[in-house]
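Listed below, chain by chain, are the residues.
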Amino acid sequence: MTSVQPADPTAVPDPADLDVAGRVVVPGLVDAHVHLDKAYTLAALEERGLPGDGIAAAIEATRALRAELGPALVRPGMERLLTELARDGTVAARAHVELDRGTDPAVVGLHREVLAEHPGVGLQLVAFPQNGTSHDPDARRWMTRALDDGCEVVGGCPYADADPRAHLDLVLGLAADRGLPVDLHLDLTDDVADAQIDLVLTLVERAGLQGRTTVGHLTALSGFDPQRRRRTIDRLRELAVSVVVLPTTDLWLSGRTSARPGVRGLAPVRELLDGGVPVALASNNHQNAFTPVSGGGLLRVAWLSSLACHIGDAAGQARLLDAVTAAPAAMLGLGRWDVAPGSSVPLLLVDATDPLDLVRQAPAVLGRLC
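The rules behind these values
Positions within a chain are numbered from 1, following the residues in the order the chain's sequence is written. Confidence filtering applies because this is a predicted model: local features only for residues at pLDDT of at least 70, side-chain atom pairs given and counted only at 80 or more, and all residues used for totals across whole chains, interfaces and linings. Only hydrogens and water are removed before side-chain values are computed, so all heavy atoms of the structure are retained for them. Here, axes are lines fitted to C-alpha atoms. For helices the fit covers the stretch in contact, and angles between N-to-C directions go from 0 to 180 degrees. Here a strand is any run of E in DSSP of at least two residues, a helix any run of H or I of at least four, and the numbering for each starts at the N terminus. Under this scheme an angle from 65 to 115 degrees is roughly perpendicular, one under 35 degrees roughly parallel, and one over 145 degrees roughly antiparallel; angles in between are oblique. Only heavy atoms matter for contacts: two residues are in contact if any of them lie within 4.5 Å across the pair. Each residue receives one of three labels: charged for Asp, Glu, Lys and Arg, nonpolar for Ala, Val, Leu, Ile, Met, Phe, Trp, Tyr, Cys and Pro, and polar for the others, Gly being one of them. Two strands pair under a simple rule: DSSP has to find at least two bridges between them. Remark: exposure states derive from per-residue accessible area (1.4 Å probe, protein chains only) relative to the maximum for the residue type, with buried under 20%, exposed over 50%, and partly exposed in between. Counted charges follow a simple rule, with Lys and Arg positive, Asp and Glu negative, and His plus the chain ends left uncounted. When a carboxyl oxygen of Asp or Glu is within 4 Å of a side-chain nitrogen of Lys or Arg, the pair counts as a salt bridge. Any pair of nitrogen or oxygen atoms within 3.5 Å is treated as a polar contact; in protein, a donor-acceptor pairing is required on top of that, and neighbouring residues in sequence qualify only through side-chain atoms on both sides. Pairing of aromatic rings covers Phe, Tyr and Trp, the last through its six-membered ring, and needs centres within 6.5 Å; plane angles under 30 degrees mean stacked, over 60 mean edge-to-face, and all others mean tilted. A ring is considered to have a charge above it if a Lys NZ or an Arg CZ atom is located within 6 Å of its centre and within 35 degrees of its normal. To obtain the arc, one takes the directions from the helix axis to the C-beta atoms. Helix crossings are classified by the rotation of the near helix relative to the far one: an anticlockwise turn of less than a right angle makes the crossing left-handed, while a clockwise turn makes it right-handed.

To describe two helices that pack against each other, one gives the angle between their axes and the distance between the axes. Taken N-terminus to C-terminus, the directions of helix α2 (residues 55-69) and helix α3 (residues 71-87) make an angle of 110°; their axes are 6 Å apart at the nearest point. It follows from the interaxial angle that α2 and α3 lie roughly perpendicular. Contact residues: α2 offers L65, R66 and L69, while α3 offers P71, A72, L73 and V74. Classifying every residue of the contact of α2 with α3 by side-chain character gives 6 nonpolar, no polar and 1 charged.

So, on to the sheet that holds strand β4 (residues 122-128). Reading across the sheet, the 8 strands line up as β2-β3-β4-β5-β6-β7-β8-β9 and stay open at both edges, with parallel pairing between neighbours. Edge positions in the sheet fall to β2 (29-34) and β9 (279-281), since each of these pairs with one other strand and no more. Across the sheet, the axes of successive neighbouring strands diverge by a mean angle of 25°, strand direction being ignored. Alignment of strand β8 (residues 242-245) against β9, held across 3 bridges, turns out to be parallel. Note that in β9 the partner of V244 across the bridge is A280. The sheet contacts of helix α6 (residues 164-178) involve β5 (153-156) and β6 (182-186), and relative to β5 the element is tilted by about 170°.

Turning our eyes to something else, we now look at the side chain of D136. With respect to the helices and strands, the residue D136 is situated in the loop between β4 and α5 (139-148). Among buried Asp, Glu, Lys and Arg side chains, D136 stands out as unpaired, with R101 the closest opposite charge at 4.2 Å. Reaching out from D136, the side chain makes a polar contact with the backbone nitrogen of D138 at a distance of 2.9 Å. With residues up to four places along the chain from it excluded, the contact list for D136 reads R101 and W142.

All right, on to the packing of aromatic side chains then. The way to describe two aromatic rings as a pair is by their centre distance and the angle between their planes. In total, this model carries 0 aromatic pairs according to the counting rule given. Between K38 and the ring centre of F290, over which it is positioned, the NZ or CZ distance is 4.3 Å. A cation over a ring is seen here: R80 above Y40, with NZ or CZ 3.7 Å from the ring centre.

Here the focus is helix α11 (residues 298-308). All of the buried residues along α11 are L298, L299, V301, A302, S305 and S306. Each buried residue of α11 sits inside an arc of 155° when the element is viewed along its axis, so together they form one side.

Relative to each other, α11 and helix α12 (residues 314-322) sit at 145°, their axes nearing to 9 Å. Note that α11 runs across α12; the crossing there is right-handed. In this structure, α11 contributes L299, A302, S305 and S306 to the contact, and α12 contributes Q317, L320 and L321. Classifying every residue of the contact of α11 with α12 by side-chain character gives 4 nonpolar, 3 polar and no charged.

See the structure below:
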């Protein structure tokens, strides 16, 4: 391919006038799982001595900080992260809006307000009950309000709930009743005995949510014995359940228990892809109790995944590039996502001459062409 004609020739400069100098052009990056309202809170947590090791400590530290500071904590980090996402080539993202009994209901509106001020990144909002739902008889009410206020996806976090089954019944029921997608944080654990994927797949099928369900993390899958892992991957494919792998958070939080000491858990990306399961790579958390660093852009996430998942061959690295472009775009329902004549997909100019270098070197994004 030597050129791409825009769908509206008057909308962007004539491609012949763009000095791409042999560099790579790719469709915009899509982040299928990110938390704007917890971004860049690490300093505030450290000032209060709140961070601890492991997922439970991170959840509790963040809950305590949010209760103390409220929306004043949220906005600066959101704005900073949206600016950095756009700079690094992300053009669309699925953002999890953290909800709880004590959460200011205006937090959904805050996401929409900040989004309007940062139009370079299109956001799909998830109503996300990070701290569970079974502790509060009014959970359905505040989840429903978030959906009415603009959230387009029903989120869930059964491992953070005292009653995972009740949690799943609520969030899957809301998704089924409203005809919405569901996105679950799931099995972020080193102990396979705590895995909930079998229960989730049973309930997803019962609720008729095949093809509308995404699960993030799924690190316990890497610890399953080969037969169980194969059966689970087959079920994920059969039910058209997508998986989002979150390397920075999952590497940071895993390997902290006696169940699998020293293991750095990530979902088995190559096996999932070989098994026909849609896989995306996403940035998730940025400098907070769950991840003490920033992802550095989705190309850096793909670069890290090549190392952490032992994917070094050209075909495998091409699939990792797909996992930050076309695959997450499909999960967000964005339609065809490629570089082709007539496409209206935002295009990026990247400082590389070989598409594989996007994964091998995580080069700079020079800008958007359209």
